[in-house]
Amino acid sequence: MWRKIYLNLLPVIAVAFTSCEKVIDIDLNDVEKKYVIEGVLTDEAGSATVLISQTKNFSDNNEFTGVTGAAVTISGSDGSTTALEEVQPGVYQSTALTGESGKKYSLSVETDGKTFTASATIPAKVNMDSLYITEDYLFGEIRKTANVQFKDPPGRGQSYRFIQYINGVKEKRIFIRNDDYTDGNSSLVKLRSPGDGDEEIKAGDTIKVQMLCIDPAVYNYWYSFLSGGASGDSNSASPANPVSNINGGALGYFSAHTLQTKEVVIQ
Amino acid sequence: MKQLFILWCMLGGLTGYAQEKFTISGTVKSKRTGETIIGASVRSGNAGTTSNEYGFFSLTLPKGNYLLEAGAVGMALHTQSIVLDKNLTLHISLEEEAKTLDNVTIVASSKSRSLSSPQMGIERLTTKEIKNIPVLLGERDVLKTVQLLPGVKSAGDGNSGFFVRGGAADQNLILLDEATVYNASHLLGFFSTFNSDAIKDVTVYKGGMPAQYGGRLSSVLDIKMNDGNNQDYSVSGGIGLISAKLNVEGPVQKDRSSFLVTGRRTYADMFLKLSNDSTLNRNTLYFYDLNAKLNYNFGDKDRLYVSGYFGKDVLKAGDTFGLDWGNATGTVRWNHIFSNKLFSNTSFIISNYNYNISIRSGANDFNIFSQIRDWNLKQEFQWYLTPRNNLRFGFNSVYHIIRPGEVRPANDQSSINLALLQRRYSWENGIYATNTWKASDKVNITYGLRITGFSILGEGDFFEVDGNGKVTDTMSYKKGEFVKTYINPEPRLAVSYQLNETSSVKASYVRNVQNLHLLSNSTTASPTDKWVASTNIIKPEISDQVAIGYYKNLWDNNYELTAEAYYKDMQNQVDYRDGADVFINSDAIESQLLFGKGRAYGLEWQFKKKTGKLTGWLSYTLSKTEKQINGINNGRWYNARQDRTHDLALVVSYQLSKKWSVSGNWIYYTGNAVTFPAGKYRVDDQVVFYYTERNGYRMPSYHRLDLGATWTLKQRKRFSSELTFSLYNAYGRENAYTISFRESEDDPNKTEAVRLALFKFIPSVSYNFKF
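Residues numbered from 1 in each chain as written. Chains lettered and ligands numbered in written order. Predicted model: local features only at pLDDT ≥ 70, side-chain atom pairs only at ≥ 80, totals over all residues.

## Digging into the overall build of chain B
Next, step 1: Counting its regular elements, chain B contains five helices and 50 strands.
Next, step 2: A burial count over chain B gives 48% of its 771 residues as buried.
Next, step 3: Considering only residue pairs separated by 6 or more positions, chain B has 63% of its internal contacts joining residues 24 or more positions apart. (Helix = DSSP H or I, 4+ residues; strand = E, 2+ residues; numbered from the N terminus. Buried ≥ 20, exposed ≤ 12 C-beta atoms within 10 Å, placed from the backbone. Contact = placed C-beta atoms within 7 Å.)

Laid out in structure tokens, this is it:
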């Protein structure tokens, strides 16, 4: 994080001179299409969802059509296998499957003669103790910030993700945390990033936060998603695709996690 | 054995024409300041030598009468007739070249590059040469001047980092009074740690490094500080747009001893404070440097130098974030002249680099500390063995302590645990011997060998890591236990052949070994980039470089043409796995790394005008740098980030009148190799980018014109001053600093590329004075 703060100071300094940002044309090569799989299974009923799509060229528009007709199953470590139904083009779901902590789940996707597999374990649930708002100073601005408080269980290996919704709209920013430096402690996560241009939180807004206890491999996916330039910013000298837990050469991830939600209305 | 044989032949040859010979030895100094002069030529006819890094020279000639000539950059030629019928000690004082003459002559470098010396791939600069080159914000900077030389490339717009012959930024050995400087940049790399007011001499070795240097693959940048005026007190200083400097020097006892103290501090943050913009005025950002030196002559044979450098950057964002970093070096040196042919130097050196981060954010308050520290002992002898043999030998022993990262909670309420990465200890030893042999009037050969041993010491845990980066085994070592020792011989060979009076050809081979590696995975060098020592898994980096060159002096030595070609092969290069976390809370940093090889080759040309009202040079480099690492680009060879096909610099300085001089430089280079996305896809309800190939694209080509002017104000008896104006990027080229990709702000259904350009039309003025 400190590195990010440091790199974010660069534009601040540059502003003091005459930096300028401009949209430019770059001729990027066309690319062979690749499958993108985003699989999610939570401990809430009817949550199993797998999205299948493909990559597009940079110059194409941002409408990604789903891949239809795939055979998608999720099997639990107890031997049960559930087939997911295609409810929309490229969207596969099952209402019959509910994930359980401690169980390992395997995803299998077959399409166009290719098979992709992935597995993830739902960790034990760690309780989100509270969600509250503070006013924090960062880079010259006082901003309302959502805080999540929880108690990390002893022993390293827990990983978390937080998803923030402002008035029901999901925020794009990825918030992740593991217990590498905070093992066994009462932990506080501030849902903001240095130098970001997030939507400002105002009085009257409803903030909803989901806390996910995730598999360490999925943490690694999001970590490399953030550091590797997947979102297109170029601080990394060697941007690369996130490290996926899917075998067979697809992009994306398969996350099996617990889910807990809290809401707060800004005073 | 072969060398011994050659030596025997030499000595044998000597007795063959036994003629009585005597030695002239002594030091070359500046008359005005008493500063010793490095690389001054002392010659009589065809026989000659150059002063060493402490100004010492030794020249052995047959008995007779001679007209001795001594000269150096910016100094008037000194001639003296001598009767050589016994050994002589001679202290030569050179006068500075007078500028008051009507026909102003400026010697931009020693008039003729040594055609006879086998040393190639070398560039030498004095602060006089740096002075007139226009720079960003008027801060004269040796590292930025070095970047204008062929084969040396800037790390980015306005950046003081540099790449030499395809090497990475960490493959440059940067020495300040012999002490290693681990991070030579201030303020996001825009300024170097070297305050040009304190510097005497800068020598860059791009290839053919002499055997006394070792430890880095690509280059040696050897910077020597001024010793301090031992004739008279002198104060000089400057006030510029972003910084002020002051230099005080003088004799402690005239002729015997002197001191020097130089300081510099930036005050850009004062402007930030004046700003109404709250994003700026609560931030702090400054750096300072302090150089100090003391030297003392104990009679004619002994001289002691104590010098030190201390610099620090401080950066704060309100109360929530703080980062400070800096180098500290200390050098104690003792010169002893055993005889008129044997010169000795003993150095004891400490180098330190560390950074501190403090984060204050409610319940997560913590500090991070990291440090690298060296204790270094060097002993060197220079033995002017015979008129045809100049032998140098010695050893170097360094103890490195690296503290990779220490996270400490700032208070009892902090949720952050104490996390101390293991300290890493290593002991680096080198012994070397090198001889420069004047084989004939036309052929000179330098041959030498350096043997380095790098011992990794306990205590600590070391690991075995499998192909996926998973730790498979942990081995624990006790305090002081040897984990592993790498021994590498590094042969060095250089030959010159003088074709005629004005031209020569040279060839060289050098092997270099590097045991300290910098892990940096961002486009901008960061103070938190991590130094790691070789381990059982991280092998010593090895490079083999061959080079050939052609050198020609033209038009009565007023112009010179240089062309060199090189090929460099590099082994055990370090790179990162996809998604690597260099700040991982684990001692097994190797789990994040990949290893492979590299190769670099190129052609370098320089055409230089050295004298007259108009001086300057045109340099051009055509080069290629590639890497091959299993796990990146399917193991294919690919362009290294610093690969640039063309690199051109034109540097011109013109003395208009006694009062005014103007200068300009124009730079052009091919953009760096860079990784751009090949496509895009949707994950987590957002558009993300898909990468297929590392460094498959190029940044747009870079070019820039800088202009400068110096106005020498009225000179009084003791007081002189000048105003320097500069305009950086005079035609406002928007050079891409970064290119990033995002969903279009105008049309969310599209994606776009965004170029960030930093510096455009940066004018500056600074005032310098001296009394």
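## Structural notes on the overall build of chain A
Next, step 1: On a plain count of helices and strands, chain A comes out with two helices and 18 strands.
Next, step 2: By the burial criterion, 40% of the 267 residues in chain A qualify as buried.
Next, step 3: Relative to all contacts within chain A whose residues are 6 or more apart in sequence, the contacts with residues 24 or more apart total 62%.

## Details of the sheet that holds strand 6 (residues 78-84) of chain B
All names here are of chain B.
Next, step 1: An order of 3-2-5-6 is seen for the four strands of this open sheet, with the pairing classed as antiparallel. Among the strands making up the open sheet, the edge pair consists of strand 3 (47-50) and strand 6. Taking each pair of neighbouring strands and ignoring which way they run, the sheet shows an average axis angle of 20°.
Next, step 2: Pairing of strand 5 (residues 64-71) with strand 6 involves seven bridges; the strand directions are antiparallel. Its bridge partner lying in strand 6, Leu68 is registered against Gln80. (Pairing = 2+ DSSP bridges. Axes fitted to C-alpha atoms, helices over the stretch in contact; angles between N-to-C directions.)

## Quick notes on the sheet that holds strand 7 (residues 88-94) of chain B
Residue and element names in this part refer to chain B.
Next, step 1: Taken together, three strands build an open sheet; the order of strands is 4-1-7 and the sheet is mixed. Since the sheet does not close on itself, it has two edges, and those belong to strand 4 (56-62) and strand 7, each with one partner. When the angles between neighbouring strand axes are averaged without regard to direction, this sheet yields 30°.
Next, step 2: Bridge analysis of strand 1 (residues 21-30) against strand 7 gives seven bridges, and the strand direction is parallel. Across the sheet, residue Lys29 finds its bridge partner in strand 7, namely Ser93.

## Brief notes about the nonpolar core
Next, step 1: Residues Ile37, Val50, Ile52 and Val148 of chain A together with Val146 and Leu221 of chain B are the most contacted members of the largest nonpolar core, which totals 148 residues.
Next, step 2: The dominant element in this core, judged by the number of residues it contributes, is helix 2 (residues 216-227) of chain A, at seven residues.
Next, step 3: Viewed by domain, this core spans two of them, domain 2 (122-220) and domain 3 (221-770) of chain B, each represented by three or more residues.
Next, step 4: Contacts of Ile52 of chain A, omitting those with residues within four sequence positions, involve Tyr35, Ile37, Gly66, Val67, Ala70, Gly90, Tyr92, Val109 and Thr111 of chain A.
Next, step 5: Judged by nonpolar contacts, the second largest core, of 20 residues, contains Ile37, Phe57, Ile337 and Phe343 of chain B. (Core = buried A, V, L, I, M, F, W, Y, C linked by C-beta atoms within 7 Å. Domains from an automatic or database assignment.)

## Focus: the domain arrangement of chain B
It is common to give the size of an interface as the accessible area lost on bringing the parts into contact.
Residue and element names in this part refer to chain B.
Next, step 1: Split by domain assignment, chain B resolves into domain 1 (2-94), domain 2 (122-220) and domain 3 (221-770).
Next, step 2: A separation of 30 Å is found between the C-alpha centroids of domain 1 and domain 2.
Next, step 3: With five residues of domain 1 in contact, the opposing surface of domain 2 contributes five residues.

## Some details on the pairing of strand 21 (residues 302-317) of chain B
Both faces of the sheet carry side chains from a regular strand, because those side chains alternate between them.
Residue and element names in this part refer to chain B.
Next, step 1: Note: strand 20 (residues 283-298) against strand 21, 16 bridges, orientation antiparallel. Counted as the bridge partner of Tyr296 is Leu304 from strand 21.
Next, step 2: Connecting the antiparallel pair strand 20 and strand 21 is a turn made up of three residues, with Gly299 showing a positive phi of about 70°.
Next, step 3: In this sheet, strand 22 (residues 321-339) lies alongside strand 21 in antiparallel orientation, the contact comprising 14 bridges. Residue Leu315 lies in a different strand from strand 22, and its bridge partner there is Leu323.
Next, step 4: A loop of three residues connects strand 21 with strand 22, the two strands running antiparallel in sequence, and Gly318 in this loop sits at a positive phi of about 55°.

## Section: helix 2 of chain A
Residues and elements named next belong to chain A.
Next, step 1: Over its twelve residues, helix 2 extends 16 Å from the first C-alpha to the last, a length consistent with the 16 Å expected when each residue adds 1.5 Å.
Next, step 2: Counting buried positions over the twelve residues of helix 2 gives ten, a clear majority of the element.
Next, step 3: Taken together, the buried positions of helix 2 are Val218, Tyr219, Asn220, Tyr221, Trp222, Tyr223, Ser224, Phe225, Leu226 and Ser227.
Next, step 4: Contacts from the buried residues of helix 2 go to strand 9 (114-121), strand 12 (159-166), strand 14 (175-178), strand 16 (206-214) and strand 18 (251-265).
Next, step 5: Downstream of helix 2 by a residue or two, Gly229 has a phi angle that is positive, lying close to 85°. (Expected span 1.5 Å × (residues − 1).)

## Points about the environment of Ile266 of chain A
All names here are of chain A.
Next, step 1: Looking at the secondary structure, you find Ile266 in the segment after strand 18.
Next, step 2: We classify Ile266 as partly exposed; it has 14 C-beta atoms within 10 Å.
Next, step 3: Between the C-alpha atoms of Ile266 and Asp205, which are 61 residues apart in sequence, the distance is 5.4 Å.
Next, step 4: What Ile266 contacts, discounting residues up to four positions off in sequence, is Ile133, Lys144, Ile201, Lys202, Ala203, Gly204, Asp205 and Ile207.

## Some thoughts on unusual backbone geometry
Residue and element names in this part refer to chain B.
Next, step 1: Residue Glu459 follows Gly458 across a cis peptide bond; omega there is 10°.
Next, step 2: Tracing the backbone shows Glu459 in the loop between strand 28 (443-457) and strand 29 (460-465).
Next, step 3: Positioned with a positive phi, Asn633 is a non-glycine residue whose angle comes to about 50°.
Next, step 4: Inspection of the secondary structure assignment puts Asn633 in the loop between strand 38 (614-629) and strand 39 (637-639).
Next, step 5: The backbone of Asn634 shows a phi angle near 55°, a positive value even though the residue is not glycine.
Next, step 6: Mapped onto the fold, Asn634 is located in the loop between strand 38 and strand 39.
Next, step 7: For Asn634, a count of 8 C-beta atoms within 10 Å translates into the label exposed.

## A few points about the pairing of strand 1 of chain B
Residue and element names in this part refer to chain B.
Next, step 1: The element strand 1 is extensively covered by neighbouring structure, given that seven of its ten residues are classed as buried.
Next, step 2: Bridge count between strand 1 and strand 4: seven bridges; the pairing is antiparallel. Across the sheet, residue Thr23 finds its bridge partner in strand 4, namely Thr60.

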